[in-house]
Amino acid sequence: MEKKNIDWGNIGFGYIPTEARFVANYKDGAWEEGGLTDEATITMTECAGVLQYAQTCFEGLKAYTTEDGKVVCFRPDLNAARMADSCRRLEMPVFPEEKFIDAVDQVVKANLAYVPPFGSGATLYIRPFMFGSNAVIGVKPADEYQFRIFVTPVGPYFKGGAKPITIRVSDFDRAAPHGTGHIKAGLNYAMSLHAIVDAHKNGFDENMYLDPRTRTKVEETGGANFIFITKDNKLVTPKSNSILPSITRRSIMYVAEHYLNMEVEHREVYFDEVKDFAECGLCGTAAVISPVGKIVDHGKEICFPSGMEEMGPVTRKLYDTLTGIQMGHLEAPEGWIRVIA
Ligand SMILES: *Cc1c(COP(=O)(O)O)cnc(C)c1O
């Protein structure tokens, strides 16, 4: 198959429409079979549930080419399960998990020409999402929904290596204790936009959100979970009902324990402890791990011993091991790699 003529090493993280996407509609209480289409534009009523009351959720995963030339994706079953959780919390019908995985396969197969070659650092980003599509004016769940998956090739997240970033402790809150922080709802991002624009204006790369109730415990950033490494080599990662359960973070916990023989603690992490950690990172599908060099709390700086030049050594090992599993250099745990083509 002929690849598209794209400068794989130099594409950014933006939307490049491809030829095929998957669409299935929900109507009269049932999902239609759904299938591929070349129509990238959605037409719907001005009163759609998604437009009036933000009834929408999404997922994000990647397909990529391994060293031996296979096109694979990473743990799509967990994205399917997480989207089902999001839908239940937002009173949306669940798109069956097996059908979700099958739809991912179909879209990637139909867009093989857009899957970046091995070694380019680029990947094919896969965006499943769902939204209420019929007219809703009194506040209630929609009766009709659309489930869609499009894909878009994205460049290497870090051009020229991952430099540690600087983050600030945010005065804004991300997710209330019994709110929607644990699901991938579009509304969680809408309300984070002001905080991130303000962070950038003030010279910070990201916001660290604390728990809104006590403002003493670390939650996450707008779109990535935290990992910390203690001075005696343990992996510590915050636990809270309002943190989005990152698939990357859960995979890193497994890798730390089973591949690197590290002790792993998934527990509440007080902000007061953060100054004592040796390394800090952010994890999510897009970058896998972004190293954090500095955290600023209203003028007070925490500078990690790993510095501002490169990833800390333990973070680096975790990163290399997880990406080694993803790329096929290292044997993957059962069920982690789904071969699509
Ligand atoms: C998607 C997301 C993450 C990262 O999850 P992955 O499954 O690792 O990509 C972390 N935090 C938030 C708020 C997210 O929406």
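The rules behind these values
- Just so you know, the residues in each chain are numbered from 1, in the order the chain's sequence is written.
- Totals for whole chains, interfaces and linings use every residue, but because this is a predicted model, local features are given only for residues with pLDDT of at least 70 and side-chain atom pairs only at 80 or more, for both listing and counting.
- Only heavy atoms go into the side-chain values, all of them from the structure, while hydrogens and water stay out.
- Two aromatic rings from Phe, Tyr or Trp, using only the six-membered ring of Trp, form a pair when their centres are within 6.5 Å; if the ring planes differ by under 30 degrees the pair is stacked, by over 60 it is edge-to-face, and anything between is tilted.
- In this text, helices come from DSSP runs of H or I with a minimum length of four residues, and strands from runs of E with a minimum of two, each type numbered from the N-terminal end.
- A simple rule labels every residue: compare its accessible area, found with a 1.4 Å probe on the protein chains alone, to the largest value its type can have, and call it buried under 20%, exposed over 50%, or partly exposed in between.
- Neighbouring residues are identified by heavy atoms, a residue being near a molecule or strand if any of them is within 4 Å of it.
- As used in this structure description, the phrase polar contact means that two N or O atoms lie within 3.5 Å; if the pair is within protein, one of them must be able to donate a hydrogen and the other to accept it, and residues adjacent in sequence are counted only when both atoms belong to side chains.
- Residue-level accessible areas treat just the shown protein chains as cover; the underlying method is Shrake-Rupley with a 1.4 Å probe.
- Residues were grouped as follows: Ala, Val, Leu, Ile, Met, Phe, Trp, Tyr, Cys and Pro as nonpolar; Asp, Glu, Lys and Arg as charged; and all remaining residues, including Gly, as polar.

Counted according to the given criterion, the structure contains 16 aromatic pairs. Ring centres of Y15 and F150 lie 5.3 Å apart, and the angle between their planes is 70°; this geometry places the pair in the edge-to-face category. Here Y15, found in the segment before β1 (21-27), pairs with F150, found in strand β8 (residues 145-154); they are 135 residues apart in sequence, far enough to count as distant. Taking the relative accessible area as the measure of exposure, F150 reaches 22% and is therefore partly exposed. Taken together, a centroid distance of 5.5 Å and an interplanar angle of 5° make the contact between F226 and F228 stacked. The pair F226 / F228 is uniform in exposure class, with both members buried. One aromatic cluster is present, built from ring pairs that chain together F22, Y26, W31, F95, F100, Y145 and F147.

The next subject is the site of the ligand. Around the ligand lies a shell of 15 residues, among which K184, Y189, S246, T248 and T285 are the nearest. Between the ligand and Y189 there is a distance of 2.3 Å, counted from an oxygen atom to a side-chain nitrogen or oxygen. When the ligand is considered free in solution it has 390 Å² of accessible area, and contact with the protein chains removes 96% of it. Tallied by class, residues from the shell around the ligand come to four nonpolar, seven polar and four charged.

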